[in-house]
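Structural description and commentary
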Amino acid sequence: MEKIVIFDTTLRDGEQVPGCKLNTKEKIELALKLEELGVDVLEAGFPISSPGDFNSVEEISKNIKNAIVCGLSRAVQKDIEVAAQALKYAKRSRIHTGIGTSDFHIKSKFNSTREEILKRAAQCVTWAKNFTDDVEFYAEDAGRTDNEYLARVIEAVIKAGATTVNIPDTTGYCLPHEYGEKIAFLKNNVSNIDKAVISCHCHNDLGLATANSISGAISGARQIECTINGLGERAGNTSLEEVVMVIKQHKSLNFYTNIDSTKLYPMSRLVSETMGMPVQPNKAIVGSNAFSHSSGIHQDGFLKDSLTYEIMNPEEVGVDSSKIVLTARSGRSALAYRFQKLGFQFYKSDVDVLYDHFLKVADRKKVVEDEDLSELASEFESSKKMQKAES
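The paragraphs below set out a description of the structure included in this document. Keep in mind that what you see is a predicted model, and the values were worked out from it rather than measured.

Counting secondary structure elements, the chain contains 14 helices and twelve strands. By its C-alpha atoms, the chain is 95 × 40 × 40 Å across when sized along the principal axes. By sequence separation, contacts in the chain at least 24 residues apart represent 72% of the contacts at least 6 residues apart. Surface accessibility of the chain: about 18,000 Å² in total, with carbon and sulfur atoms responsible for 50%.

What follows is the structure, encoded as structure tokens:
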């Protein structure tokens, strides 16, 4: 099996979500938990962006023992020097530098030419190599970059010393087959591609970030850049928990990661609470409804065999157990199950009677809770005792 390197950018790209700014203490706490989770590379921040971010990257570098600590920079000499300074205490450091390569960026953002950008790309890697042997180059907006030109840029930066080449779908525009074909094109058309690891950094503007990242890995990428809960600029980044569980569930991919999946749910909750950013209930893997069943048909199948409606065990991702949620769509088997959980033992004929009363409550409420069931059960048992006494 081949390893997929997990590059976590929750503390950098994830923090770019409006309202999710973290202080240094919060960043260190999350960094240590991300290291426990098993991430290989921890992008700690963008050191030149502010004194606070510089300090956070520096302090994280002092505290992390196993993961590679990475700092972001633009293709600007001062950026790279400041990133190197912030990373000086790291046991293993990486400078992540790069520049936009699509014509949108070259013409509109830089008012430049392809040849000039090619020179700047190689130059920024050369500068970074003065401080560390581990240099990652990002070709911003690679998703919309002409493949022939992108191959020239990647070849040049590897020649300059880049050990990882990041192929971002910055705007989340690519379809999975297109992104996979782009990675395959680089594998087949960059003469020195064997000297670097190809990395996927996909955004979720069209909801395709995870699919694109997996497609990229299938086509030859061996690093995926992602965030907890899919946090990130605009619609977010590739979700770490999603790619990890796709890889774990699909053994046929022949990939593995170092992530301890049983820590995914607790990590998700910690990030959510620290950043003040709720996780949508229907979020894959870590949403509150990810292992909940409310439809009668689903509940009946699940209670007979969990594999009918669950492709993974909740404990695998750190969730205590699956949930049977009672609504007006629930059936008798789910009702009987929940009564049993509460300590009530009813015959099938009893459940049939109780079910009619249950539906009346369910039509009034969105979800029928345990106290509602206890009340129903108590009323039913009292009624049965009265009937028995009268007879």
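The subject of this paragraph is the environment of Ser 61. With respect to the helices and strands, Ser 61 occurs in helix H2 (residues 51-63). Not counting the four nearest positions on each side in its chain, Ser 61 is found in contact with Val 69, Ala 86, Leu 87, Tyr 89 and Ala 90.

The subject of this paragraph is the environment of Lys 62. Mapped onto the elements, Lys 62 comes out in helix H2. Polar side-chain contacts of Lys 62 include one of 3.1 Å to the side chain of Glu 59.

Counting buried residues in strand E7 (residues 164-169) gives six out of six residues, a clear majority hidden from the surface. Every second residue of E7 is oriented toward a common face, with Thr 164, Asn 166 and Pro 168 on one face and Val 165, Ile 167 and Asp 169 on the other, all of them buried. Sheet topology places strand E6 (residues 135-140) next to E7; three bridges connect them, and they run parallel. If you follow Tyr 138 over to E7, its bridge partner there is Asn 166.

Spatially, the eight strands close up into a barrel ordered E2-E3-E4-E5-E6-E7-E8-E9, and their pairing is parallel. Neighbour-to-neighbour, the strand axes of this sheet turn through a mean angle of 25°, independent of strand direction. In terms of strand pairing, strand E2 (residues 5-8) meets strand E9 (residues 223-226) through four bridges, oriented parallel. Within E9, the position partnered with Ile 6 by the bridge is Ile 224. Sheet contacts for H2: strand E3 (41-45) and strand E4 (68-74); angle to E3, the most-contacted strand, approximately 150°.

Let us now look at unusual backbone geometry. Note: most peptide bonds trans; most residues except glycine with negative phi. Phi angles above zero are rare outside glycine, and Asn 111 is one such case at about 50°. With respect to the secondary-structure elements, Asn 111 resides in the loop between helix H4 (103-109) and helix H5 (114-129). Positive phi, close to 65°, is recorded for Asp 141, a residue that is not glycine. Mapped onto the fold, Asp 141 is located in the loop between E6 and helix H6 (147-160).

Before going further, it helps to examine the pattern of salt bridges. All chains considered together, the criterion is met by 28 salt bridges. Ionic pairing is found between Glu 2 and Arg 222, a salt bridge with its closest N-O pair at 2.9 Å. Of this pair, Glu 2 sits in strand E1 (residues 2-3) while Arg 222 sits in the loop between helix H8 (209-218) and E9; the two residues are 220 residues apart in sequence, bridging distant segments of the chain. A salt bridge links Glu 140 to Lys 109; the nearest nitrogen and oxygen atoms lie 3.0 Å apart.

Criteria and thresholds
- Residues numbered from 1 in each chain as written.
- Predicted model: local features only at pLDDT ≥ 70, side-chain atom pairs only at ≥ 80, totals over all residues.
- Heavy atoms only, no water.
- Helix = DSSP H or I, 4+ residues; strand = E, 2+ residues; numbered from the N terminus.
- Contact = heavy atoms within 4.5 Å.
- Areas by Shrake-Rupley, 256 points an atom, 1.4 Å probe, with all protein chains shown as cover.
- Polar contact = N/O pair within 3.5 Å; in protein donor to acceptor, adjacent residues only side chain to side chain.
- Buried < 20%, exposed > 50% of the residue type's maximum accessible area, 1.4 Å probe, protein only.
- Pairing = 2+ DSSP bridges.
- Axes fitted to C-alpha atoms, helices over the stretch in contact; angles between N-to-C directions.
- Salt bridge = Lys/Arg side-chain N within 4 Å of Asp/Glu carboxyl O.

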